[in-house]
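Take a look at the letters that make up each chain.
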Amino acid sequence: MRLMQAAAGSGWRDHVDLVGPARGLALAEVERSGLRGRGGGWAPAAARLRAVRHCHTVVVNGMEGDPLSAKDTWLLQRAPHLVADGAVAVARLLGAKEISVAVPAGLDGLGQLLKEAFAGRDAGEPALHVAEGRGGYLAGEDTALVSALRGGPATPSAFLPSDEGWFVGNAETFAHLALIARHGAAWFRGQGTAAAPGTMLVTLTGAVPRPGVHEVPVGTPLARLAHPAGPVLLGGHRGLWLAGEAARNVNLDPDVVPCDAAAVTVLPCGASAVDRTREMTEWLKAEGASGKASRLVASALTVAAAEEAAARRRLRDDRAGFLPEFPDPTVFGPAYFLPAA
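Rules of the game
- Residues numbered from 1 in each chain as written.
- Predicted model: local features only at pLDDT ≥ 70, side-chain atom pairs only at ≥ 80, totals over all residues.
- Heavy atoms only, no water.
- Salt bridge = Lys/Arg side-chain N within 4 Å of Asp/Glu carboxyl O.
- Helix = DSSP H or I, 4+ residues; strand = E, 2+ residues; numbered from the N terminus.
- Buried < 20%, exposed > 50% of the residue type's maximum accessible area, 1.4 Å probe, protein only.
- Pairing = 2+ DSSP bridges.
- Right-handed = clockwise from strand over helix to strand, strands pointing away.
- Axes fitted to C-alpha atoms, helices over the stretch in contact; angles between N-to-C directions.
- Left-handed = near helix turned anticlockwise from the far one by under 90°.
- Contact = heavy atoms within 4.5 Å.
- Nonpolar A, V, L, I, M, F, W, Y, C, P; charged D, E, K, R; others polar.

Draft legend 1. Focus on the pattern of salt bridges. Applying the stated rule across the entire model yields 14 salt bridges. The salt bridge partner of Arg278 is Asp275, with a shortest N-O separation of 3.4 Å. Linking Arg278 with Asp275, this pair stays in helix α11 (residues 273-286), spanning 3 residues, or about one helical turn. Taken together, the shared-partner salt bridges in this structure form one network comprising Arg38, Lys71, Asp72 and Glu172.

This is the structure:
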């Protein structure tokens with residue numbers, strides 16, 4: 001049973017009837033599973049757990065600051081107890097007394113749904129509460145999130161939360177840990193790749209037949225989800241543009257393409273990756289994260305150049321070898337993507 005099969009809604013009893021009682025988690029089992037965190041860096045989960053020497057609070061990061069991703073919101077809405085099971089298992093493993101589930105304030109009533117759901121859980125677990133905070137692109141960065149939970153500004157800083165007793169994990173990561181605790185490492189490794197086992201939640205948007213959140217084994221070819229004709233953005237606002245034809249041959253694997261936000265956005269045929277990137281970089285600048293866009297900008301320019309070259313080849317072929325003179329292509333620079341003063 002994987003994540004989507006374990007989505008029983010917010011009822012505690014329905015959850016237990018579907019997936020069975022929660023079980024304890026052993027660090028050695030996490031290591032054998034090869035689970036990598038489903039947040040920004042895909043870091044090995046066992047290594048992150050091992051780095052925490054003393055833990056007072058486990059934080060479930062459900063802030064999901066990239067607007068192109070909806071996977072963690074989907075998971076918390078439909079399988080909140082699976083996420084909580086993983087957080088409880090980690091808290092007991094690390095000796096933490098408190099669990100904080102962090103979500104953006106006012107997001108479709110998610111905070112209230114979670115509070116009502118968790119109120120029905122078994123007594124005797126570490127204290128579990130929901131923290132609603134101001135959303136935004138940087139609000140889900142680990143250090144920014146911990147700063148906000150401590151009453152400070154939700155801005156990134158240089159300190160390591162693990163050095164001060166905090167363990168922060170992505171909501172999807174905790175859900176996988178709950179299933180590993182129930183079914184074991186060998187079961188978890190039954191899907192995915194050798195280097196990145198398991199399944200992953202992917203948010204699919206744009207010109208696709210089935211937009212929404214999908215669960216696929218890591219390494220799944222993009223062509224199984226979509227057959228893009230236009231440019232494809234992999235990885236959200238910190239991601240990478242590919243031409244549609246090239247994207248069809250790509251596997252959804254963090255060691256191959258950016259999976260930071262596990263988001264795939266497909267533009268219609270003829271749409272401009274450059275125009276869309278201009279809009280995205282304006283938004284990033286407003287969020288105080290304009291420095292995150294270098295790969296996005298460079299790849300959009302590469303796709304635009306490749307599409308222009310392909311258009312010239314088609315025109316040449318159509319005219320049986322006659323190729324008219326074209327003006328020099330416009331040269332774009334980083335300033336092109338900044339909003340007007």
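Having put the structure on the table, let's press on.
Draft legend 2. Structural context of the pairing of strand β2 (residues 98-104). The buried fraction of β2 amounts to 6 of the 7 residues, a majority that puts the element mostly inside the structure. Here strand β1 (residues 57-61) runs beside β2; their pairing, made up of 5 bridges, is parallel. Directly across from Val58, in β2, lies its bridge partner Ile99. Judged from the 7 bridges that link them, β2 and strand β3 (residues 127-133) form a sheet pairing that is parallel. Residue pairing for β3: Ser100 is matched across the bridge by His129. Assessed by its sense of winding, the connection that carries the chain from β2 through helix α6 (residues 110-118) to β3 is right-handed.

Draft legend 3. Main features of the packing of helix α4 (residues 71-78) against α6. Running from N to C, α4 and α6 cross one another at 35°; their axes reach a closest spacing of 9 Å. As α4 runs across α6, the sense of the crossing is left-handed. Contacts between α4 and α6 pair Thr73, Leu76 and Gln77 from the former with Leu110, Leu113 and Leu114 from the latter. Class assignment for the residues of the contact of α4 with α6 results in 4 nonpolar, 2 polar and no charged.

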